[in-house]
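# Fold and geometry: a report
One letter stands for each residue in the lines below.
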Amino acid sequence: CIGVQPSGSYTAHLKIEAEGDTFALTWTLPTGEQYPGIGIVTGNVLSVIYTTGDSVGLVSYTITNTTLAGRWTVPGAMGVVMTETCTVGGLPVQV
């Protein structure tokens, strides 16, 4: 994934695993730091809540053939919505 936030851009590896009707997600930063989350799919949208240590965040991904186009925010972001795009190496996204 490649994302943009007020302090600049970032990269992360995103792992998605099905758990019944929900999905467990884990973002891993290049530093090894991990952020776990849980999500549900409705239509072509994956909605996820995740933890960032002592806080939480919310991301909504639009699912296309090979990408997840996300918009995310966290408490204290002063109404700012950031973006993140995750690709699956040319393979169809399957969640």
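The structure presented is a predicted model; accordingly, all values stated were derived computationally and were not measured. (Residues numbered from 1 in each chain as written. Predicted model: local features only at pLDDT ≥ 70, side-chain atom pairs only at ≥ 80, totals over all residues. Heavy atoms only, no water.)

Looking now at the nonpolar core. Among the nonpolar cores identified, the biggest contains 19 residues, and Leu14, Leu25, Trp27, Leu46, Val59 and Tyr61 are the most heavily contacted of them. Only strand S4 (22–28), strand S6 (45–51), strand S7 (56–63), strand S8 (67–73) and strand S9 (82–87) provide two or more residues apiece to this core. What Leu14 contacts, discounting residues up to four positions off in sequence, is Cys1, Leu25, Thr26, Trp27, Tyr61, Leu68 and Cys86. (Core = buried A, V, L, I, M, F, W, Y, C linked by side-chain atoms within 4.5 Å. Buried < 20%, exposed > 50% of the residue type's maximum accessible area, 1.4 Å probe, protein only. Helix = DSSP H or I, 4+ residues; strand = E, 2+ residues; numbered from the N terminus. Contact = heavy atoms within 4.5 Å.)

What follows deals with the pattern of salt bridges. For the coordinates displayed, the defined rule picks out one salt bridge. The partner of Glu17 in a salt bridge is Lys15, with the nearest N and O atoms 3.7 Å apart. A relative accessible area of 39% means that Glu17 is categorised as partly exposed. (Salt bridge = Lys/Arg side-chain N within 4 Å of Asp/Glu carboxyl O.)

One open sheet holds the nine strands; their spatial order is S2-S1-S9-S8-S7-S6-S5-S4-S3, and the pairing between them is antiparallel. Pairing within the sheet leaves two strands with one partner each, and these edge strands are strand S2 (8–11) and strand S3 (13–19). Here the average twist between neighbouring strands, direction ignored, is 25°. Note: S6 against S7, seven bridges, orientation antiparallel. Its bridge partner lying in S7, Ser47 is registered against Ser60. (Pairing = 2+ DSSP bridges. Axes fitted to C-alpha atoms, helices over the stretch in contact; angles between N-to-C directions.)

This part covers the packing of aromatic side chains. This structure, assessed with the given rule, holds two aromatic pairs. Seen in terms of ring centroids, Tyr10 and Trp72 are 6.2 Å apart; in terms of plane orientation they differ by 80°. Their pairing is edge-to-face. Of this pair, Tyr10 sits in strand S2 while Trp72 sits in strand S8, and the two are 62 residues apart along the sequence. On the accessibility criterion, Tyr10 (16% relative accessible area) is buried. Accessibility expressed as a relative area gives 10% for Trp72, which makes it buried. Note on Trp27 and Tyr50: the rings are 5.2 Å apart at their centroids and 55° apart in plane angle, and the pair reads as tilted. One end of the pair, Trp27, is in strand S4; the other, Tyr50, is in strand S6, with 23 residues separating them in the sequence. Per residue, the accessibility class of Trp27 equals that of Tyr50, and both read buried. (Phe/Tyr/Trp six-rings, centres within 6.5 Å; stacked < 30°, edge-to-face > 60°.)

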